[in-house]
Amino acid sequence: MTNQSATPLVPPDWLKEHLGDAGLVVLDVRTPPAGGFVPGSLHSDYATGWRASAGGGAGVLPDAAALERLIGGLGIGNGDHVVLVASGASAGDMGNATRVYWTFKTLGHDAVSVLDGGFKAWTAAGLPVEPAPATRPATTFTATPRADLRATLPQVEAAVAAGTTPLHDARSAEQFAGKAKSPQARAAGTLPGAIHIDNGAFYSAADARFATPDAVRALAGQAGLPLEGEPITFCNTGHLASVSWFALSEVAGVPGVRLYDGSMSEWSADPARPLKNAG
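What counts, and at which threshold
Residues numbered from 1 in each chain as written. Predicted model: local features only at pLDDT ≥ 70, side-chain atom pairs only at ≥ 80, totals over all residues. Heavy atoms only, no water. Buried < 20%, exposed > 50% of the residue type's maximum accessible area, 1.4 Å probe, protein only. Helix = DSSP H or I, 4+ residues; strand = E, 2+ residues; numbered from the N terminus. Contact = heavy atoms within 4.5 Å. Polar contact = N/O pair within 3.5 Å; in protein donor to acceptor, adjacent residues only side chain to side chain. Pairing = 2+ DSSP bridges. Phe/Tyr/Trp six-rings, centres within 6.5 Å; stacked < 30°, edge-to-face > 60°. Core = buried A, V, L, I, M, F, W, Y, C linked by side-chain atoms within 4.5 Å. Axes fitted to C-alpha atoms, helices over the stretch in contact; angles between N-to-C directions. Left-handed = near helix turned anticlockwise from the far one by under 90°.

Visitor: Give me helix 2 (residues 64–73): which residues, what numbers.
Guide: Those residues of helix 2 that fall on the buried side of the exposure criterion are Leu67, Leu70, Ile71 and Gly72. For helix 2, the secondary structure elements touched by its buried residues are helix 3 (91–106). Where helix 2 begins, the side chain of Asp63 points an oxygen toward the backbone nitrogen of Ala65, at a separation of 3.1 Å.

What follows is the structure, given as structure tokens:
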């Protein structure tokens, strides 16, 4: 049963009010969890099963069958509304929830939300915690995959060649400038034509909350990132970029935003692919 009052981003007081609702499942995806759990929540370590290595990409979307087994094994069915809980201490921590949110959406499961501020906001509000996660009997989860939220390597190659699709690099300024490199990338640099907005700009760790829709759009405007033309956001492994994807697509409502989950780990694996600001 989908909770009709839920939005992509829900505050702690909303979750407190709806705990125990039929069809509402709280899924903690912290790595590792610490300090307890939202009462009744399941736990699934983000580092186990939610991403895969393939084709040079270090964090690509697993195949649908594997995700069906993972989700069904947790006891989550197609009729459940899932609220995802990350740590909330930083934008990178929130990436656990936003990447799993994106994964559910790519599987055709729209009944999913992210707890704004994560576990940090929940505990800061003085809300109750339990020492251990809950469990549910395994069930059947059936995916209905959709391709419009994901940018594949051929699509990114075409976008770079055409130069007309907005490309957003969500990594640090140093990595964008080619002055630093993630271990997952073969070489330093960024996609030709990319525009930089650090993923941390979309989430305030101090306030434990996402930027407002107006603030997200203002950040894009200040950076010169067009919000038309189905923007593609990327990082090194599709983790940090899920934060910017969520902010642009789900918080600000920008249509057609796609996440390149292969990101720089996949793109830079082939020396023939061009890099801007190459170190």
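Visitor: Please provide a residue-by-residue account of the sheet that holds strand 9 (residues 195–196), values included.
Guide: A sheet is described by the order of its strands in space; here 4 strands give the open sequence 9-8-12-13, paired in parallel fashion. Both edges of this open sheet fall to strand 9 and strand 13 (258–259), since each of them pairs with a single strand only. As paired elements, strand 12 (residues 232–234) and strand 13 share 2 bridges and run parallel to each other. Bridging across to strand 13, Thr233 finds its partner in Leu259.

Visitor: Requested: an account of the packing of aromatic side chains, with residues and values cited.
Guide: Pairs of aromatic rings are described using the distance from one ring centre to the other and the angle between the two planes. The full count for this structure, using the stated rule, is 6 aromatic pairs. For the pair Tyr101 and Trp245, a centre-to-centre distance of 6.1 Å together with 50° between the ring planes defines the contact as tilted. You can see Tyr101 sitting in helix 3 and its partner Trp245 sitting in helix 8 (residues 240–251), a full 144 residues away along the chain. With respect to class, Tyr101 is no different from Trp245; both count as buried. Summarising the aromatic geometry, the rings of Tyr101 and Phe246 are spaced 4.9 Å apart at their centres and angled 90° between planes, so their arrangement reads as edge-to-face. Linking Tyr101 in helix 3 with Phe246 in helix 8, this pair joins segments that are 145 residues apart in sequence. Look at Phe246 and you get buried, because its relative accessible area is 0%. Each member of the aromatic cluster is reached from another via a ring pair, and the members are Tyr101, Tyr203, Phe210, Trp245 and Phe246.

Visitor: Which residues make up unusual backbone geometry, and what values go with them?
Guide: Omega for the peptide link from Thr31 to Pro32 comes to -15°, which places this bond in the cis form. For Pro32, the location among the structural elements is in the loop between strand 2 (24–28) and strand 3 (42–43). Located in the positive-phi region is Ala208, a residue other than glycine, with phi close to 55°. Mapped onto the elements of the fold, Ala208 is located in the loop between strand 10 (203–204) and strand 11 (209–210). Judged by its relative accessible area of 10%, Ala208 falls in the buried class. Positive phi values are uncommon outside glycine, yet Asn277 reaches one of about 60°.

Visitor: Could you give an account of the side chain of His81, naming the residues involved and the relevant values?
Guide: Tracing the backbone through its elements, the reader meets His81 in strand 6 (residues 81–85). Judged by its relative accessible area of 4%, His81 is buried. At 2.9 Å, the side chain of His81 and the side chain of Ser113 are in polar contact.

Visitor: Could you give me a rundown of the environment of Ala161, with the residues and numbers involved?
Guide: With respect to the element layout, Ala161 can be found in helix 5 (residues 153–162). Sequence-wise, Ala161 and Pro192 are 31 residues apart; in three dimensions their C-alpha atoms are separated by 8.8 Å.

Visitor: Run through the nonpolar core, naming residues and quoting values.
Guide: Leu27, Trp50, Ile76, Leu84 and Phe104 are the most contacted members of the largest nonpolar core, which has 54 residues in total. Sorting the residues of this core by element identifies strand 2, helix 2, strand 6, helix 3, strand 7 (112–115), helix 7 (213–223) and helix 8 as the ones contributing at least two each. What Ile76 contacts, discounting residues up to four positions off in sequence, is Val25, Leu27, Leu42, Ile71, Val82, Phe104, Thr139, Thr140 and Phe141. If you look at the next biggest cluster of nonpolar residues, it comprises 15 residues, including Leu153, Ala159, Leu191 and Ala194.

Visitor: How would you summarise the packing of helix 3 against helix 8 if you had to cite specific residues and measurements?
Guide: Their axes nearest at 7 Å, the elements helix 3 and helix 8 cross at an angle of 65°. In this structure, helix 3 meets helix 8 at a crossing whose hand is left-handed. Residues Ala91, Gly92, Met94, Gly95, Thr98, Arg99, Tyr101, Trp102 and Lys105 of helix 3 lie in contact with helix 8, whose contacting residues are Leu240, Ser242, Val243, Trp245, Phe246 and Glu250.

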